[in-house]
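# Structural characterization, general
Each chain, written out:
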Amino acid sequence: MTDTLAALSGDPDYLALTPRLSDTDAATRRIALIELADHGDPDHLPALLAALDDPDGTVRAEAARLVAGWDEPDAAVTLAGQLAARLLDPEAAVREAAAQTLSELKAREAGPALLPWARHPDAFARAAALRALRELRVPQAGDAALAALPHADAAVRREAVGVLGWLKLADALPELARLARHDPDAEVRRAATGALGYAGSDIVLPALLAALADPQWPVREEAAATLGKLRLAGAAPTLIGTLEHDIWQVRIKAARALGLIGDAAALPALIASLAHPVGNLRKEAAIALGEIGDPAAQAALDVAAADPDPEVRKAARLAISRLATA
């Protein structure tokens, strides 16, 4: 790094800021670093990375934030490696800034430098590495993510689920189904429920139906959305019952799913939803009725076409037009 910084000795922008970059006052160094980054010159990246070792935590955190978006392929490995080292920084602000910047990397060349961190014993570092690998879509991260699913830390499990959901690994389905049902953390259950949306295997439907009865409504909402995404016909009876749910956000996803599944048995419940006080639910019910395409919904949609909410009126009229061409 010292040799690379020496190569900047002829750069007028860098030379103008050098005295302040090495000032004894941390605030002065931090402002100078921001000004250096404002030039947007990739040649200044080594100077920004050098500041990751500054003795002051506020400067290190600023440096970690400023290198975001500078991950050209040639520099990606070095950038990822130095940011990953800051995941163990004694200052929380530095660790968080490094984790955020790692999650914004775009160059897949950074992946190999992050893979060892996806198995690191430190929970924060491991979760941050898994999150970055998910964003980079690194296939080799699958094994590390599978190994992380039983981890004691919920954040690690959650990020591991995210990796497996993006990679769509068939081998992960049994574990994802288990987490969707039984993980003690609601956010992990919600993430696992959503991650099941890439395959309609025999183990997926029971897990998603169980998630529809989860104690936490965001998990139930995710389950309804995932069932709609997969268009699992076997879920229709349970989803129809979900239209009586006390949380309208869950009811909206259930209505959406029933429209995608296209089961006419849902007509009475969807027609009843056209009278719900929440406009978004009325709109989704109208859309679903149009997708199912049963003429028995015509009269209810005619009434909805005069709804006080313009979005509901629009959805009802579109549904009516679909019935006319069904």
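Structure: above.
All of these numbers come straight from a predicted model, not from anything done at the bench.

With that settled, the discussion passes to the packing of aromatic side chains. Using the criterion set out here, one finds zero aromatic pairs in the structure. Positioned above the aromatic ring of Trp 166 is the side chain of Arg 137, whose terminal nitrogen or guanidinium carbon lies 3.7 Å from the ring centre.

This structure, assessed with the given rule, holds 18 salt bridges. For Arg 30, the salt bridge goes to Glu 62, with nearest N and O atoms at 2.8 Å. You can see Arg 30 sitting in helix 3 (residues 26-38) and its partner Glu 62 sitting in helix 5 (residues 57-66), a full 32 residues away along the chain. Judged by its relative accessible area of 27%, Arg 30 is partly exposed. For Glu 62, a relative accessible area of 10% translates into the label buried. A salt bridge links Arg 134 to Glu 159; its shortest N-O distance comes to 3.5 Å. Placement of the pair is Arg 134 in helix 9 (residues 123-136) and Glu 159 in helix 11 (residues 154-167), with a sequence separation of 25 residues. Of the two residues, Arg 134 and Glu 159, neither departs from the other in class, the shared state being buried. Residues joined in a network through salt bridges with shared partners are Asp 53, Arg 60, Arg 86 and Asp 89.

The end-to-end C-alpha distance of helix 17 (residues 248-261) is 20 Å, a good match for the 20 Å that 14 residues give at a rise of 1.5 Å each. Turning to helix 17, its buried residues are Val 250, Arg 251, Ile 252, Ala 254, Ala 255, Ala 257, Leu 258, Gly 259 and Ile 261. At its buried positions, helix 17 is contacted by helix 15 (217-230), helix 16 (236-242), helix 18 (267-273) and helix 19 (279-292). Positive phi appears at Gly 262, one or two residues downstream of helix 17, with a value of about 80°.

What counts and what doesn't
Position numbers for residues start from 1 in each chain and track the written sequence from start to end. Whole-chain, interface and lining totals are the exception, using all residues; otherwise, since this is a predicted model, local features are given only for residues with pLDDT of at least 70 and side-chain atom pairs are given and counted only at 80 or more. Excluded from the side-chain calculation are hydrogens and water; included are all heavy atoms of the structure. Ring pairs are drawn from Phe, Tyr and Trp, using the six-membered ring of Trp, whenever the two centres fall within 6.5 Å, and their geometry is named by plane angle: stacked under 30 degrees, edge-to-face over 60, tilted for the rest. For a Lys NZ or an Arg CZ to count as sitting over a ring, it must be within 6 Å of the ring centre and within 35 degrees of the ring normal. A carboxyl oxygen of Asp or Glu within 4 Å of a side-chain nitrogen of Lys or Arg is what we treat as a salt bridge. A helix here means a DSSP run of H or I that spans at least four residues, while a strand means a run of E at least two residues long, and both kinds are numbered starting from the N terminus. For each residue, the accessible area found with a 1.4 Å probe, counting protein chains only, is set against the maximum for its type, and the residue is called buried under 20%, exposed over 50%, and partly exposed in between. Expected span of a helix: the number of residues minus one, times 1.5 Å. Throughout, a contact is declared for two residues whenever any of their heavy atoms are within 4.5 Å.

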